[in-house]
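In case you want the letters, here they are:
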Amino acid sequence: KQEVTQIPAALSVPEGENLVLNCSFTDSAIYNLQWFRQDPGKGLTSLLLIQSSQREQTSGRLNASLDKSSGRSTLYIAASQPGDSATYLCAVNNFNKFYFGSGTKLNVKP
Amino acid sequence: NAGVTQTPKFRILKIGQSMTLQCTQDMNHNYMYWYRQDPGMGLKLIYYSVGAGITDKGEVPNGYNVSRSTTEDFPLRLELAAPSQTSVYFCASSYPPGSGDEQFFGPGTRLTVL
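This is a predicted model, so every value here is computed, not measured.

**Q** I tried to follow the interface of chain A and chain B on my own but got confused; where do I start?
**A** Interface size, as often reported, equals the accessible area lost upon joining of the parts. Listed per partner, the contact involves 21 residues of chain A and 23 residues of chain B. Taken together, both faces of the contact between chain A and chain B bury some 1700 Å²; the carbon and sulfur share is 54%. Of all residues in chain A, the largest losses of buried area upon contact with chain B belong to Asn96, Phe98 and Phe100 of chain A, amounting jointly to 33% of the total for that side. Between the two partners, chain A and chain B, sit 1 salt bridge. Between Glu59 of chain B and Lys1 of chain A there is a salt bridge, and its shortest N-O distance comes to 2.9 Å. Scanning the region where chain A abuts chain B turns up 4 residue pairs in polar contact (both at pLDDT 80 or more). Elements represented by at least two residues in the side of chain A that touches chain B include exactly β4 (32-38), β5 (44-51) and β10 (98-100) of chain A. Grouping the constituent residues of the side of chain A that touches chain B by class yields 8 nonpolar, 10 polar and 3 charged.

**Q** Would you mind going over the sheet that holds strand β1 (residues 4-7) of chain B with me for this structure?
**A** Strand-to-strand pairing in sheets goes through backbone hydrogen bonds, with the strands running parallel or antiparallel. Residue and element names in this part refer to chain B. The strand order across the open sheet built from 4 strands is β1-β3-β8-β7, with neighbouring strands paired in antiparallel fashion. Two strands bound the open sheet, and with one partner strand each, they are β1 and β7 (64-66). Averaged over all pairs of adjacent strands, the angle between strand axes in this sheet comes to 20 degrees, irrespective of strand direction. Relative to strand β8 (residues 76-78), strand β3 (residues 19-25) runs antiparallel, the two sharing 3 bridges. Residue pairing in the sheet places Leu21 in a bridge with Leu76 of β8.

**Q** So what exactly am I meant to see when it comes to the state of the cysteines here?
**A** What is meant by a disulfide is a covalent connection between two cysteines, made through their sulfur atoms. Residues and elements named next belong to chain A. Enumeration according to the criterion identifies 2 disulfides over all chains in this entry. Across the disulfide, Cys23 is cross-linked to Cys90 (sulfur-sulfur distance 2.0 Å). In this structure, the disulfide formed by Cys23 and Cys90 twists by about 75 degrees around the S-S bond and is classed as right-handed. Residue Cys23 is found in strand β3 (residues 19-25), and its partner Cys90 is found in strand β9 (residues 86-93); the two are separated by 67 residues along the sequence.

What counts and how
- Residues numbered from 1 in each chain as written.
- Chains lettered and ligands numbered in written order.
- Predicted model: local features only at pLDDT ≥ 70, side-chain atom pairs only at ≥ 80, totals over all residues.
- Heavy atoms only, no water.
- Contact = heavy atoms within 4.5 Å.
- Buried area = accessible area lost by both parts, 1.4 Å probe.
- Salt bridge = Lys/Arg side-chain N within 4 Å of Asp/Glu carboxyl O.
- Polar contact = N/O pair within 3.5 Å; in protein donor to acceptor, adjacent residues only side chain to side chain.
- Helix = DSSP H or I, 4+ residues; strand = E, 2+ residues; numbered from the N terminus.
- Nonpolar A, V, L, I, M, F, W, Y, C, P; charged D, E, K, R; others polar.
- Pairing = 2+ DSSP bridges.
- Axes fitted to C-alpha atoms, helices over the stretch in contact; angles between N-to-C directions.
- Disulfide = S-S within 2.5 Å.

Right, dumping it as structure tokens:
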């Protein structure tokens, strides 16, 4: 059974810092991996999706990498802003079945 | 486009009551999913559907039922509500693998069973 772990569980940084969120998974036979943002009391907003054949994806200040063989993905956020404060979730797709990590709660202090 | 819509937003049930959570999407997605999210946790897949008339169990299906009579709608049924089903329920949809795999989520239904 696929297990997805996100480290750290919580992170507090001053505005302007670059930061890395980690996601690891136990079964490398994935179809793709998706990073989401969740604001308190809200649904999930898709940030980046990486196919299993890809190494990374970029969108603005966000860069996600995937190392399928080692079961790891990272989400890099450049020049963090207070508006980036939210919980970040990664989800792996094992061919129609999605497994989520518990998330990293990010707080960016002004 | 409204995207994925869910009703109701909030609901309180008594133990043993039944209810249906509604989910509708207007993006013509074949794939639809139901998840639950417990406090401080990630999402767990309850059921999913790859098209009208086809459903399958996810990681935590016990206590729930689904149906998919149309492409747009994917209701989730709770037959005998239990306190363990207190959670936030999310519906999502996507195109089939290889056709744009991004999942789109609804705003969620917050359910409390007392």
